[in-house]
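Structural features, examined
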Amino acid sequence: AQSVSQHNHHVILSEAASLELGCNYSYGGTVNLFWYVQYPGQHLQLLLKYFSGDPLVKGIKGFEAEFIKSKFSFNLRKPSVQWSDTAEYFCAVNDDSSNTGKLIFGQGTTLQVKP
Amino acid sequence: DSGVTQTPKHLITATGQRVTLRCSPRSGDLSVYWYQQSLDQGLQFLIQYYNGEERAKGNILERFSAQQFPDLHSELNLSSLELGDSALYFCASSTRGRGGVNTEAFFGQGTRLTVV
């Protein structure tokens, strides 16, 4: 069965620090990859997605992620975080061959940015 | 606003009871997905419907069931509720479901279920 692993469960950074959140998945076939963000009390919002093509994808709010197929990884990065980035971040994988679009989520990483 | 509407936003009920959660997908989306978010299990896929038919099933308990109606809205029925069913239940919709172009899922605000 597919699984998604997010290594950092809780990250605390000061404003302007750089961010990298790790995500690894366990499926060898073609996958679609996503990062979602959940602000306190809100629904999941898509930050960025990878389906194919350039493995470096840019998303909203200055976030980017790099797909490294050989490492089964899709790490999320941001050069300089802001207090408003405080939220929970979820990496998710969709098995492209299933044609269903269902997502397998990682456990999430809580990011706390100190002003 | 994602365009996915879930009602109610909050639900408090007693053990043993039955509740129905409702989801209206984005206009034009044929696929509806249900997810459960709990502290111990994280975000887990429950079930997917595509144009009225069950398309994929995840870790959904037998006490839970879902359906998608001709107008494409979906309902998740939870019965014989237990304390451990307390969670945030999300609905998502997409155009995905039977091949075709890649697209992402859009999530609703969720229904927070508390079983007491």
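A brief structural summary. All figures in this text were calculated on a predicted structure; none of them were measured in a lab.

Comments concerning the overall build of chain B
- For chain B, the helix and strand inventory stands at zero helices and 11 strands.
- A globule of 116 residues ought to have a C-alpha radius of gyration of about 13 Å, and chain B, at 13 Å, matches this closely.
- A principal-axis box enclosing the C-alpha atoms of chain B has dimensions of 40 × 30 × 30 Å.
- Here chain B holds 116 residues, and the buried ones make up 53% of them.
- Taking the contacts inside chain B whose residues are at least 6 apart along the sequence as the reference set, 56% of them involve residues at least 24 apart.
- Summing over all exposed atoms, chain B offers an accessible surface of approximately 5,400 Å²; the carbon and sulfur share of this is 46%.
- The centroid of the 10 positive side-chain charges in chain B is displaced by 2 Å from the centroid of its 11 negative side-chain charges.

Quick look at the nonpolar core
- Membership of the largest hydrophobic core comes to 28 residues, with the highest contact counts inside it found for A:Trp35, A:Leu48, A:Phe74, A:Leu76 and A:Tyr89.
- Breaking this core down by element, the ones donating at least two residues are β2 (10-14), β3 (19-21), β5 (31-38), β6 (44-50), β8 (64-68), β9 (73-78), β10 (87-95) and β12 (109-114) of chain A.
- Once you skip the residues sitting within four places of it in the chain, A:Tyr89 turns out to touch A:Gln6, A:Leu21, A:Trp35, A:Tyr36, A:Val37, A:Leu47, A:Phe63, A:Leu76, A:Gly108, A:Thr109 and A:Leu111.
- Among the nonpolar cores identified, the runner-up in size contains 21 residues, and B:Leu11, B:Leu46, B:Ala87 and B:Val115 belong to it.

Quick notes on the sheet that holds strand β3 (residues 19-24) of chain B
Residue and element names in this part refer to chain B.
- The four strands lie next to each other as β1-β3-β8-β7, forming an open sheet whose pairing is antiparallel. Edge positions in the open sheet fall to β1 (5-7) and β7 (64-68), since each of these has one partner strand only. If you compare each strand with its neighbour and ignore which way they point, the axes differ by 15° on average.
- Here β7 pairs with strand β8 (residues 74-78) via five bridges, running antiparallel. Paired with Gln68 across the strands is Ser74, a residue of β8.

Some words on the interface of chain B and chain A
- Tallying the contact residues gives 26 residues for chain B and 22 residues for chain A.
- Taken together, the connections running from chain B to chain A amount to one salt bridge.
- Counting every contact that joins chain B to chain A gives five residue pairs in polar contact (both at pLDDT 80 or more).
- Within the residue set of the side of chain B that touches chain A, elements represented by two or more residues are β4 (31-38), β5 (42-50), β6 (53-57) and β9 (87-94) of chain B.
- With four residues, β5(B) is the largest single contributor of residues to the side of chain B that touches chain A.
- Split into classes, the residues belonging to the side of chain B that touches chain A amount to nine nonpolar, 11 polar and six charged.

Quick notes on the state of the cysteines
- Going through the model one piece at a time under the given rule, you end up with two disulfides over all chains.
- At a sulfur-sulfur separation of 1.9 Å, the disulfide partner of A:Cys23 is A:Cys91. Because the torsion about its S-S bond is -65°, the bridge between A:Cys23 and A:Cys91 counts as left-handed. Of this pair, A:Cys23 sits in the loop between β3 and β4 (24-25) while A:Cys91 sits in strand β10; the two residues are 68 residues apart in sequence, bridging distant segments of the chain. One exposure class covers both A:Cys23 and A:Cys91, and it is buried.
- Here B:Cys23 engages in a disulfide with B:Cys91; their sulfurs sit 1.8 Å apart. Residues B:Cys23 and B:Cys91 are joined through a disulfide that is left-handed, its torsion about the S-S bond being -50°. Of this pair, B:Cys23 sits in strand β3 while B:Cys91 sits in strand β9, and the two are 68 residues apart along the sequence. In this pair, the class of B:Cys23 matches that of B:Cys91, namely buried.

Calculation criteria
Residues numbered from 1 in each chain as written. Chains lettered and ligands numbered in written order. Predicted model: local features only at pLDDT ≥ 70, side-chain atom pairs only at ≥ 80, totals over all residues. Heavy atoms only, no water. Helix = DSSP H or I, 4+ residues; strand = E, 2+ residues; numbered from the N terminus. Rg over C-alpha atoms; globule rule 2.2 N^0.38 Å. Buried < 20%, exposed > 50% of the residue type's maximum accessible area, 1.4 Å probe, protein only. Contact = heavy atoms within 4.5 Å. Areas by Shrake-Rupley, 256 points an atom, 1.4 Å probe, with all protein chains shown as cover. Lys, Arg positive; Asp, Glu negative; His and termini not counted. Charge placed at Lys NZ, Arg CZ, Asp CG, Glu CD. Core = buried A, V, L, I, M, F, W, Y, C linked by side-chain atoms within 4.5 Å. Pairing = 2+ DSSP bridges. Axes fitted to C-alpha atoms, helices over the stretch in contact; angles between N-to-C directions. Salt bridge = Lys/Arg side-chain N within 4 Å of Asp/Glu carboxyl O. Polar contact = N/O pair within 3.5 Å; in protein donor to acceptor, adjacent residues only side chain to side chain. Nonpolar A, V, L, I, M, F, W, Y, C, P; charged D, E, K, R; others polar. Disulfide = S-S within 2.5 Å.

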